[in-house]
Amino acid sequence: MIAVVNGVLVTPDRVLKGKTLLFDEKIVAIRDADEPIPGGARIIDAAGGYVLPGFVDLHVHGGGGADFLDADPDAIETVLKTHAKHGTTSLLATTLTCPDEVLYAGIGRLGDAIENGTPEGGSEILGIHLEGPYFAAASKGAQAITEQKIPTEKELNELYALSRGHIVRFDAAPELPGMDLFADWTRERGILASIGHSAANAETALAYYAKGFSHITHLYCSTTTEHKEGQTVHGGIVEAAYLEDGFTVELIADGKHIPRETMLLCFKIKGAKKTALITDAMRAAGTEAKESILGEKNTGTPVMIEDGVAKLFDRSSFAGSVGTMDVCFATALRYGVPLADAAESCTLTPARIAGFADRKGSLDVGKDADVLLFDGERNLKKVFVGGKEIKE
Ligand SMILES: [Zn+2]
């Protein structure tokens, strides 16, 4: 049993002072500071710092020099250990558009890794997030789209079987053919369908909200806004996201992809309960690399790291972030998002969007003891995954 005393608990929907947090592998209790601490408990003095639930990252490809799609036997563990050190206690393992054989093999390895359980010292994989391959070439960003792929029931079922049922999120461009089938297929399996790398206008985005697409992949990045099609003006995905309260959104909060005013506008309209902060981290996250590869090691796209962000060599597009969730949280605070809102967008909101809020995302009794300790200056000091401390 661990007892954290003298902390400010950001649960995240309440900010509590004068409380003791007790946990083993689960959150056991939040007690008044003057109540006795169970004998034998390890007491940690938070010294007035902040205590938060662990960060939940809905969108992460890699880190520590590895990508989730790499065939190396230790690649997945390397990514998980890298992000755990930066406060991500659970995440969705994200794939990207790549050759079929790389994607299929990668999904198989991720499905096995989830079945094998969380490695010592790493974050927990909640499920697999397929970013593609059914994307619009017009809105590809850094995704390597060479041929337009259209979903078929056969391929969807194959991917699902390979994942051992662990696909929890699937991003696609709803303006493509085959998307009614895709929407039905994801809805029947309880998979979160997200509009991403799409050139859809607002009408299409709203029509597919009604069919089950309820999330927007990295809003403002490879999405659309108000535009002309021929001589007719249309709203874009951004307007649809704001108009329809039911849409949840995610922002790449590395401090590079989204400017301050845009993040604040999103919090103002959508609020912390509908806005998740994500890293969209690629393999160079948590490293000092100046050159790297976006995607799987042998088939990915060479990129450079410049000014703290990955870019294609011709600088035509960002190529994912090198951010970690502690950076995203700090960026939101620096931009002026209130503490409890910033915390919620990094914890409970993504847990709810992914469908894991019953055991992740808040310091509620009975949930997994994914706990972060910050000092009074909001520097991350300690990370616990399922009650186990992550060591450097
Ligand atoms: Zn991504």
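Predicted, not measured: the structure shown is a model, and the values here were computed from it.

Would you mind showing me how to read a nonpolar patch on the surface here?
Among the surface-exposed residues, Tyr-220, Leu-265 and Ile-269 lie close enough to one another that they form a single nonpolar patch of about 240 Å² accessible area. If you trace the backbone, Tyr-220 turns up in the loop between strand E13 (213–216) and strand E14 (227–229). For Tyr-220, a relative accessible area of 31% puts it in the partly exposed group.

I would appreciate a short explanation of the sheet that holds strand E18 (residues 291–294) in the present structure.
Sheet strands line up and pair through hydrogen bonds in the backbone, either parallel or antiparallel. Reading across the sheet, the four strands line up as E18-E19-E20-E21 and stay open at both edges, with antiparallel pairing between neighbours. This sheet does not close on itself; its edge strands, each paired only once, are E18 and strand E21 (318–321). Between one strand axis and the next, the sheet turns through 40° on average, direction left out of account. Alignment of strand E19 (residues 301–306) against strand E20 (residues 309–312), held across four bridges, turns out to be antiparallel. Residue pairing across strands places Glu-306 opposite Val-309, the latter belonging to E20.

What should I look at first to understand the nonpolar core in this one?
Here is a general trend for soluble globular proteins: nonpolar side chains tend to be buried in one another's company. Formed by 107 residues in total, the largest nonpolar core has its most connected members in Phe-170, Met-263 and Phe-329. Here this core gets seven residues from one element, more than from any other, and that element is helix H2 (residues 100–116). Two domains each put at least three residues into this core: domain 1 (2–51 + 376–389) and domain 2 (55–360). Membership of the second largest hydrophobic core comes to 15 residues, among which are Leu-16, Ile-27, Val-51 and Val-371.

Even after reading the chapter, I still don't get unusual backbone geometry, so can you show me in this structure?
Glycine aside, residues mostly have negative phi angles, and peptide bonds mostly take the trans form. In the segment running from Thr-11 into Pro-12, the intervening peptide bond is cis, with an omega of 10°. Assignment of secondary structure puts Pro-12 in the loop between strand E1 (2–10) and strand E2 (15–23). Pro-133 follows Gly-132 through a cis peptide bond whose omega is 15°. Take Pro-133: it is sitting in the loop between strand E10 (124–131) and helix H3 (153–162). A positive phi is found at Ser-222, a non-glycine position, where the angle reads about 60°. Here Ser-222 falls in the buried class, since its relative accessible area comes to 18%.

Is there a simple way to explain the coordination of the zinc ion in this structure?
Where a metal carries four tetrahedral donors, each ideal angle is 109.5 degrees; where it carries six octahedral donors, the ideal angles are 90 or 180 degrees. For the zinc ion, the protein coordination sphere consists of His-59 (NE2), His-61 (NE2), Glu-131 (OE) and Asp-280 (OD), at 2.0 to 2.2 Å. Between consecutive donors of the zinc ion, the numbers of intervening residues give the motif H-x1-H-x69-E-x148-D. You can see Glu-131 sitting in strand E10 and its partner Asp-280 sitting in the loop between strand E17 (275–278) and E18, a full 149 residues away along the chain. With a relative accessible area of 1%, Glu-131 lands in the buried category.

Honestly, the side chain of Lys-360 in this entry has me stumped. Any pointers?
Within the secondary structure, Lys-360 is located in the loop between helix H10 (348–354) and strand E22 (371–374). A distance of 2.8 Å separates polar atoms of two side chains, one belonging to Lys-360 and the other to Glu-124. When near neighbours in sequence (up to four residues on either side) are disregarded, Lys-360 contacts Ser-90, Glu-124, Leu-126, Leu-348, Ala-351, Lys-367, Asp-368 and Asp-370.

I would appreciate a short explanation of the environment of Pro-350 in the present structure.
Residue placement: Pro-350 occurs in helix H10. A C-alpha to C-alpha distance of 8.0 Å links Pro-350 and Thr-275, two positions 75 residues apart in sequence. Here Pro-350 is in contact with Val-56, Leu-58, Ala-276, Glu-344 and Ser-345, once residues within four sequence places are set aside.

Definitions and limits used
- Residues numbered from 1 in each chain as written.
- Predicted model: local features only at pLDDT ≥ 70, side-chain atom pairs only at ≥ 80, totals over all residues.
- Heavy atoms only, no water.
- Patch = residues over 30% accessible without salt bridge, like charges linked within 9 Å, V, L, I, M, F, W, Y side chains within 5 Å.
- Areas by Shrake-Rupley, 256 points an atom, 1.4 Å probe, with all protein chains shown as cover.
- Salt bridge = Lys/Arg side-chain N within 4 Å of Asp/Glu carboxyl O.
- Helix = DSSP H or I, 4+ residues; strand = E, 2+ residues; numbered from the N terminus.
- Buried < 20%, exposed > 50% of the residue type's maximum accessible area, 1.4 Å probe, protein only.
- Pairing = 2+ DSSP bridges.
- Axes fitted to C-alpha atoms, helices over the stretch in contact; angles between N-to-C directions.
- Core = buried A, V, L, I, M, F, W, Y, C linked by side-chain atoms within 4.5 Å.
- Domains from an automatic or database assignment.
- Donors = N, O, S within 2.8 Å, 3.2 Å for Na, K, Ca; no water.
- Polar contact = N/O pair within 3.5 Å; in protein donor to acceptor, adjacent residues only side chain to side chain.
- Contact = heavy atoms within 4.5 Å.

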